Amino acid sequence: MKPATTLQTRSDINISPPGKRRWAILKQQKYLFLMMLPGLIWAIVFAYTPMVGLYMSFVNYQPTLGGFWSTLFTSEFVGFEWFRYFFNNGDFWIVMRNTLASTLITLLFSFPMPILIAIAINEIKNVKFKKTVQTASYLPYFISWVIAANIIVTLLSSDGAINGILKFFHITNESVLFLQNGKYFWWIVALGNTWKDMGYSSIMYLAAISSINPELYEAAKVDGANRFKQIRFITLPHLKPTIVILLILALGGILNAGFDQHFLLGNDLTRDYSDVLSTYSFRYGIQNGMFSYAAAVGMFSSVVAFIIVVIVNYTAKKLNGQSLF
């Protein structure tokens, strides 16, 4: 006897149009979409709607009593004149040098430190001590830069703790004026950023480490691998995707040196080193009233950051097969 076979003709197959399939998915997952709705509204209102103001970069905007929008769209259109003024201005190279130097030095310290902290915390076996270390490393992130800057200024003052240590070990006989000397400024900001953010940034790496199968470590122990070899051959390879994604995001913000720390720690004596794109646009836009010029500087920073993200993402995808999008 031949086995019974069932032939399914095209008319028997339920083929729904794409529109109906999307509606069915939307109906099935309606509660998930409702949960996403507040975040979507927030992004539209606070992230995308203000982008209309980028038009200010192409006009000669001067505030009047007629209202913001009417004044904006009736202002004289000047095209790329503000961008040309910025590029031809002697301040361009100084501001770009300060921005790149500050962010690259910060990246040099702040990017590997959370990885090291996450690995070190993961190696702690005492649960109470582990939680204490985690809490202590997270706390600086929740301190505002106003307080953090005052702590740094106090430590680096002529009679502060740092100068006291240097004098105690006879490294110097006179107080070093750290915040009055521009050559120290980039390093101070880099170390301040690292101290403030390293604990909080380690959370993502700790989450990635917690997802590693414990049996891999047990098998490595059976093979005679010590803790350093387990970190090298198990922990770090599993952290690689997270490291690549966060590196792409970090490089995308290479022109965002941070306004708060440069504004609070900088002064007239260190302006040649502390003036970055964010403080430069603030000074010209808010203090000097050149709103269109400040908008052009900000737009330049955003466009360059977007291009860097795309290039780094493409490069990472080609080299490692891992990318942000």
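Per-chain numbering applies: the sequence of each chain, read as written, is numbered from 1 onward. Where totals are concerned, whole chains, interfaces and linings use all residues; where local detail is concerned, this predicted model gives features only for residues with pLDDT of at least 70, and gives and counts side-chain atom pairs only at 80 or more. With hydrogens and water set aside, each side-chain value is computed from the structure's full complement of heavy atoms.

What counts, and what does not: UniProt positions are given in the numbering used here, feature names are shortened, and annotations may be inferred rather than shown by experiment.
An unreviewed UniProt entry annotates the chain as Binding-protein-dependent transport systems inner membrane component of Paenibacillus vortex V453. For the record of the chain, the UniProt heading Sequence similarities (unreviewed entry) holds the text "Belongs to the binding-protein-dependent transport system permease family." What UniProt states about the chain under its Subcellular location (unreviewed entry) heading is, verbatim, "Cell membrane".

As for the packing of helix α8 (residues 145-156) against helix α9 (residues 161-168)
The following threshold applies: For helices, the axis comes from a line fit to the C-alpha atoms of the stretch in contact; other axes are also lines fit to C-alpha atoms, and the angle between any two N-to-C directions lies between 0 and 180 degrees. Only runs of H or I of at least four residues qualify as helices and only runs of E of at least two qualify as strands under DSSP, and these elements are numbered from the N terminus. Orientation categories follow fixed angle ranges, with anything under 35 degrees roughly parallel, anything over 145 roughly antiparallel, 65 to 115 roughly perpendicular, and all other angles oblique. Every residue pair with non-hydrogen atoms within 4.5 Å of one another is taken to be in contact. Each residue is assigned to one class: nonpolar for Ala, Val, Leu, Ile, Met, Phe, Trp, Tyr, Cys and Pro, charged for Asp, Glu, Lys and Arg, and polar for all the others, Gly among them.
Put simply, α8 and α9 touch, their axes get as near as 4 Å, and they point 25° apart. The pairing of α8 with α9 is recorded here as roughly parallel in orientation. Along its contact with α8, which presents Thr-154, Leu-155 and Leu-156, the element α9 presents Ala-161, Ile-162 and Asn-163. Of the residues in the contact of α8 with α9, the class split is four nonpolar, two polar and no charged.

Observations regarding the UniProt feature "domain: ABC transmembrane type-1" (unreviewed entry) in the chain
When the UniProt feature table is mapped onto this chain numbering, "domain: ABC transmembrane type-1" (unreviewed entry) sits at residues 96-312. Helix makes up 76% of residues 96-312 and strand 0%, with an end-to-end C-alpha separation of 20 Å.

What to know about the UniProt feature "transmembrane region" (unreviewed entry) in the chain
UniProt annotation of "transmembrane region" (unreviewed entry) refers to residues 31-56, 68-87, 99-121, 141-162, 239-259 and 290-316 when read in the numbering used here. Regarding residues 68-87, the helix share stands at 70% and the strand share at 10%, and the terminal C-alpha atoms are separated by 27 Å. Between the C-alpha atoms that bound residues 290-316 there is a distance of 39 Å. The span itself is 96% helix and 0% strand.

A word on a nonpolar patch on the surface
Under the convention used in this document: Note on patches: the residues involved have over 30% relative accessible area and no salt bridge, like charges join within 9 Å, and the nonpolar side chains Val, Leu, Ile, Met, Phe, Trp and Tyr join within 5 Å. All accessible-area figures derive from a Shrake-Rupley calculation using a 1.4 Å probe, and residue coverage is judged against the displayed protein chains alone. For this analysis, a salt bridge means a side-chain nitrogen from Lys or Arg found within 4 Å of a carboxyl oxygen belonging to Asp or Glu.
Taken together, the side chains of Tyr-31, Leu-34, Leu-37, Leu-40, Ile-41, Trp-42, Ile-44, Val-45, Phe-46, Tyr-48, Met-51 and Leu-54 present a nonpolar region at the surface, about 1300 Å² in accessible area. Tracing the backbone shows Ile-44 in helix α2 (residues 30-48).

With respect to the domain arrangement of the chain
You'll often see interface size given as the accessible area lost when the parts meet. This is how it is decided: Domain limits in this description derive from either an automatic procedure or a database domain assignment. Joining two parts hides part of their accessible area as seen by a 1.4 Å probe, and the buried area is that hidden amount summed over both. The definition of a polar contact used here is a pair of N or O atoms within 3.5 Å, where within protein one atom must be able to donate a hydrogen and the other to accept one, and adjacent residues in sequence count solely through side-chain atom pairs.
Here the domain parsing of the chain yields domain 1 (19-72) and domain 2 (87-318). A separation of 31 Å is found between the C-alpha centroids of domain 1 and domain 2. On the domain 2 side, the residues contacting the nine residues of domain 1 number six residues. For the domain 1 face of the interface with domain 2, the top three residues by lost area are Leu-54, Met-56 and Ser-57, together amounting to 58%. Taken together, the connections running from domain 1 to domain 2 amount to zero salt bridges. The interface formed by domain 1 and domain 2 includes five residue pairs in polar contact (both at pLDDT 80 or more).

Focus: helix α11 (residues 214-222)
Where α11 begins, one side-chain oxygen reaches toward the backbone nitrogen of Glu-215, 3.1 Å away; that side chain belongs to Asn-213. At the exit of α11 stands Gly-224, carrying a positive phi of roughly 90°.

Focus on the environment of Ile-121
Which entries qualify depends on this criterion: Only protein chains enter the area calculation, which uses a 1.4 Å probe; residues under 20% of their type maximum are buried, those over 50% are exposed, and those in between are partly exposed.
Mapped onto the elements, Ile-121 comes out in helix α6 (residues 112-123). What makes Ile-121 buried here is its relative accessible area of 2%. Note: C-alpha distance between Ile-121 and Lys-131 (10 residues apart in sequence) is 8.8 Å. Ignoring anything within four residues of it in the chain, the contact list for Ile-121 reads Lys-130, Val-133, Gln-134, Ser-137 and Leu-206.

Considering unusual backbone geometry
A positive phi angle is found at His-170, which is not glycine, with a value near 60°. Within the secondary structure, His-170 sits in the loop between α9 and α10 (185-210).

What about the pattern of salt bridges?
Counted according to the given criterion, the structure contains four salt bridges. Among the ionic pairs, Glu-123 bridges to Arg-227, the shortest N-O distance being 2.7 Å. Taken together, the residues Glu-123 in helix α6 and Arg-227 in helix α12 (residues 227-252) connect sequence positions 104 residues apart.

So, the packing of aromatic side chains
Given two aromatic rings, their pairing is described by the distance between the two centres and the angle made by the two planes. Operational definition: Ring pairs shown here join Phe, Tyr and Trp side chains whose ring centres sit within 6.5 Å, with only the six-membered ring taken for Trp; geometry is labelled stacked below 30 degrees between planes, edge-to-face above 60, and tilted in between. Counting as a charge over the ring demands two things of the Lys NZ or Arg CZ atom: a distance within 6 Å of the ring centre and an angle within 35 degrees of the ring normal.
Taken as a whole and judged by the stated rule, the model has 35 aromatic pairs. Considering the side-chain rings of Phe-87 and Phe-92, the 5.4 Å spacing of their centres and the 85° angle between planes classify their relative orientation as edge-to-face. On the basis of relative accessibility, which here comes to 36%, the residue Phe-87 falls in the partly exposed class. Judged by centre distance (6.0 Å) and plane angle (90°), the ring pair of Phe-142 and Tyr-200 falls under edge-to-face. Note that Phe-142 is positioned in the loop between α7 (127-138) and α8 and Tyr-200 in helix α10, a separation of 58 residues in sequence. A network of ring pairs unites the aromatic residues Trp-82, Tyr-85, Phe-86, Phe-87, Phe-92, Trp-93, Tyr-280, Tyr-284, Tyr-293 and Phe-300 as a single cluster. Note that Arg-97 overlies the ring of Tyr-273, its terminal NZ or CZ placed 5.1 Å from the centroid. Over the face of the ring belonging to Tyr-141 we find Lys-196, whose NZ or CZ atom lies 5.7 Å from the ring centre.

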